[in-house]
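A structural walkthrough
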Number of protein chains: 2
Amino acid sequence: MQKTAIAIHGGAGTITQSSLTAEQDKAYRAALQEAVEAGSNVLEQDGTALEAVELAVVHLEDSPLFNAGRGSVFTKEGKHEMDAAIMCGKTLEAGAIAGVRSIKNPIKLAAAIMQHSDHVMLSGYGAEEFALAYGLEFAPEKYFFDKYRYEQWSEVRDSDIFMLDHTEQRDEKFGTVGAVAVDKAGNVAAATSTGGMTNKRYNRVGDTPIIGSGTYANNRTCAISCTGHGEYFMRAVVAYDVSCLMEYKGYTLQQACDEVVLKKLVQFGGEGGLIAVTATGEIALPFNSEGMYRASKRGQDETFVGIYKR
Amino acid sequence: MQKTAIAIHGGAGTITQSSLTAEQDKAYRAALQEAVEAGSNVLEQDGTALEAVELAVVHLEDSPLFNAGRGSVFTKEGKHEMDAAIMCGKTLEAGAIAGVRSIKNPIKLAAAIMQHSDHVMLSGYGAEEFALAYGLEFAPEKYFFDKYRYEQWSEVRDSDIFMLDHTEQRDEKFGTVGAVAVDKAGNVAAATSTGGMTNKRYNRVGDTPIIGSGTYANNRTCAISCTGHGEYFMRAVVAYDVSCLMEYKGYTLQQACDEVVLKKLVQFGGEGGLIAVTATGEIALPFNSEGMYRASKRGQDETFVGIYKR
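Everything quoted here is computed from the prediction, not taken from an experiment.

**Comments concerning the side chain of B:E128**
Mapped onto the elements of the fold, B:E128 is located in helix α4 (residues 124–133). Other than its neighbours up to four places away in sequence, B:E128 contacts B:G99, B:V100, B:R101, B:I103 and B:F138.

Below, the structure is given as structure tokens:
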């Protein structure tokens, strides 16, 4: 039987030790640890990788610390617009949503689409209509209200500035959450969820819900969830690129991650990172930014939690 | 200087000689020939591949024969909802839209996003707001009205049936249009546009606007535009898969197309096809369905137009 493994992220960007107070540092670490251990418990209790990544992402969506679900940032219109995707590495089935509002846990909606519809991707009001039909939980606007996010948005709402996540340096943090896992049966899965960019307009869709860019899973190679400047990740088809380097060039997971995240994306100007796990339980957490909220756990080994580069 | 090449498609599916009248056959061939020659003229007059694919797709969008732009099918709500994408193989810049209504030429909107915004993908009303801001042409509902499409929709509007395009056998034709080209400078580009599925619900998004799935271009390999059962094309990341087989395994364009369209997609159950052109002017038009509306032209060679398998 396969040793289980899970990794999660809570976004990447200019996250340095000096940018977080000791209290914030502690709160982020606690939230990451809780989410990764919730997912790990599912795996250790013979749950599937799909169940584990969904639960870990639900935990991150329910935390106001991360830009997904409850903690989603404000759009230009003062609303919250969320994207999410989930993929099964065994069947290559996938579900994704773009631009939904009022859905408490977007990742649950993505999973419902994968399980109950003939489609991969639904968007906007149509995705919400599907959520209603399948009994997903809705949440009122005040559920997504956060004083810090509101103030951050208020500063830029009358400008054309959009921000990739909350940060005093602006657009230097990429708010996304994600999880990848392999279960005892050796099946991998990936899940990603985001509230997008602060003050975003025009119903912009980033890489998160794009199968092959922000999210991908395939038992033959690995499961991947990305976080970063979405437009670059879409143009570079990042997640599937890692998978193809493994499948077609025989790269190890680490070699493929180094090539894509530390070389190609850097040359391209695409800041961010990703988390990945192979069907054999290898884990990689590469990023080319100052920091990435991340955690991982293999079987019953000690939980790893990291924020900064070193 | 590079010999120019361009290929277009107008959808794939169960298109047999017996399913089209002689008159229909003639009308489709004339429309395909006109569109591919319009694009070819751009290339021969030293235009860019981007300009050529955009113009060829505009011609196909303006024809009521194809499921894109003017000829778009009806959604469950009796509306028209269109997706499109365009990508430049030199810069890897891309623009895409999902679920727009009332836009006369969706491919022009995708091109405007690529040229004028920091984003790759916009959706729904937000994409229309962007179109308004950038002076794109809108069209009233009656512009998209077509008696045949309306009757086809009326038959299924009260059911849960969705159809991949107009056909008496239902869901056996995949309505999309696309173009790929290489210009005299050796730059490739790809463009795809669709009206989606008849009677579709929930703002479903298919592979057309997904960079890496329905549309991809990279000077190092080729430009690709797909048509088929979108969900399978998304899960298989078809366009980037062809590109990766060329880049990472050294396959020729034809070998990569055979592997993806005739082998992987067939095993996977994904019916459809694609058009592709390399930076050196090779063209491939593979499909695993009964037919695919297609045409191609290299430099000033004779124009090829095809519909059926043989």
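Okay, back to it.
**Here's the deal with the packing of helix α7 (residues 238–249) of chain A against helix α8 (residues 253–268) of chain A**
All names here are of chain A. One way to put it is that α7 packs onto α8 with a least axis distance of 8 Å and a crossing angle of 135 degrees. Looking at the two axes, α7 sits oblique to α8. Between α7 and α8 the crossing geometry is right-handed. Here V238, D241, V242, L245 and M246 of α7 lie close against α8, whose contacting residues are L253, A256, C257, E259, V260, K264 and L265. In terms of residue class, the contact of α7 with α8 is built from nine nonpolar, no polar and three charged.

**Some thoughts on the layout of surface pockets**
Of the voids in this model, the largest pocket is the one considered here, and its volume is about 650 Å³. Surrounding the largest pocket, 34 residues form its lining, A:G124, A:Y125, B:G124, B:Y125 and B:N203 being those nearest its centre. Looking at the lining of the largest pocket, the elements that each hand over two or more residues are β3 (94–100) and α4 (124–133) of chain A together with β3 (94–100) and α4 of chain B. Tallied by class, the residues present in the lining of the largest pocket amount to six nonpolar, 12 polar and 16 charged.

**A word on the interface of chain A and chain B**
Listed per partner, the contact involves 45 residues of chain A and 45 residues of chain B. Roughly 3700 Å² is buried in total at the junction of chain A and chain B, and carbon and sulfur atoms are behind 62% of that figure. A per-residue breakdown of the area chain A buries against chain B is headed by A:Y202, A:R235 and A:Y248, which together make up 21% of the total. For the pair chain A and chain B, the interface holds two salt bridges. With a closest N to O distance of 3.6 Å, A:R201 and B:E129 form a salt bridge. Run the count over chain A and chain B and you get 18 residue pairs in polar contact (both at pLDDT 80 or more). Where the side of chain A that touches chain B is concerned, the elements lending two or more residues are β4 (121–123), α4, β8 (204–205), α6 (230–235), α7 and α8 of chain A. With seven residues, the single largest contributor to the side of chain A that touches chain B is α4(A). Note: β8(A) against strand β4 (residues 121–123) of chain B, two bridges, orientation antiparallel. Residue pairing for β4(B): A:R204 is matched across the bridge by B:L122.

**So, the nonpolar core**
A general feature of soluble globular proteins is that nonpolar side chains tend to end up buried together. With 102 residues, the main nonpolar core has A:M121, A:V242, A:L274, B:M121, B:V242 and B:L274 as its most contacted residues. Residues in contact with B:M121, not counting those within four places in the same chain, are A:N203, A:R204, A:V205, A:I210, A:M234, B:A96, B:A98, B:P209 and B:I210.

**Quick notes on the pairing of strand β13 (residues 291–298) of chain A**
Residue and element names in this part refer to chain A. Counting buried residues in β13 gives seven out of eight residues, a clear majority hidden from the surface. Note that β13 and strand β14 (residues 304–308) share four bridges and pair antiparallel. Bridging from a neighbouring strand, G291 pairs with Y308 of β14. Between β13 and β14, which follow one another and run antiparallel, lie five residues, and G299 among them has a positive phi close to 50 degrees.

**Observations concerning the relation of the copies chain A and chain B**
Between chain A and chain B, the superposition needs a rotation of 180 degrees and an axial shift of 0.0 Å, giving an RMSD of 0.0 Å. Here the two chains are linked by the operation of a two-fold rotation axis. For chain A, the minimum C-alpha distance to the rotation axis belongs to A:Y248 and amounts to 2.9 Å. Counting the interface residues of chain A, we find that 100% of their copies in chain B are interface residues as well, pointing to one common contact surface.

**Looking at the confidence of the model for chain A**
Residues and elements named next belong to chain A. The predicted model of chain A has a mean per-residue pLDDT of 92, with 96% of residues at 70 or higher. Taken as a whole, residues 166–172 scores under 50 in pLDDT and shows 23 contacts with residues more than four places along the chain or in a different chain. Here the predicted complex scores 0.94 on pTM and 0.94 on ipTM.

Parameters and conventions
- Residues numbered from 1 in each chain as written.
- Chains lettered and ligands numbered in written order.
- Predicted model: local features only at pLDDT ≥ 70, side-chain atom pairs only at ≥ 80, totals over all residues.
- Heavy atoms only, no water.
- Helix = DSSP H or I, 4+ residues; strand = E, 2+ residues; numbered from the N terminus.
- Contact = heavy atoms within 4.5 Å.
- Axes fitted to C-alpha atoms, helices over the stretch in contact; angles between N-to-C directions.
- Parallel < 35°, antiparallel > 145°, perpendicular 65-115°, else oblique.
- Left-handed = near helix turned anticlockwise from the far one by under 90°.
- Nonpolar A, V, L, I, M, F, W, Y, C, P; charged D, E, K, R; others polar.
- 1 Å grid on protein atoms, 1.4 Å probe; cavity = no way out; pocket = protein on both sides within 12 Å on 5 of 7 lines; lining within 4 Å.
- Points joined across faces, edges and corners; volume = space filled by probe spheres on them.
- Buried area = accessible area lost by both parts, 1.4 Å probe.
- Salt bridge = Lys/Arg side-chain N within 4 Å of Asp/Glu carboxyl O.
- Polar contact = N/O pair within 3.5 Å; in protein donor to acceptor, adjacent residues only side chain to side chain.
- Pairing = 2+ DSSP bridges.
- Core = buried A, V, L, I, M, F, W, Y, C linked by side-chain atoms within 4.5 Å.
- Buried < 20%, exposed > 50% of the residue type's maximum accessible area, 1.4 Å probe, protein only.
- Least-squares fit on C-alpha atoms with pLDDT ≥ 70 in both.
- pLDDT = per-residue confidence, 0-100.

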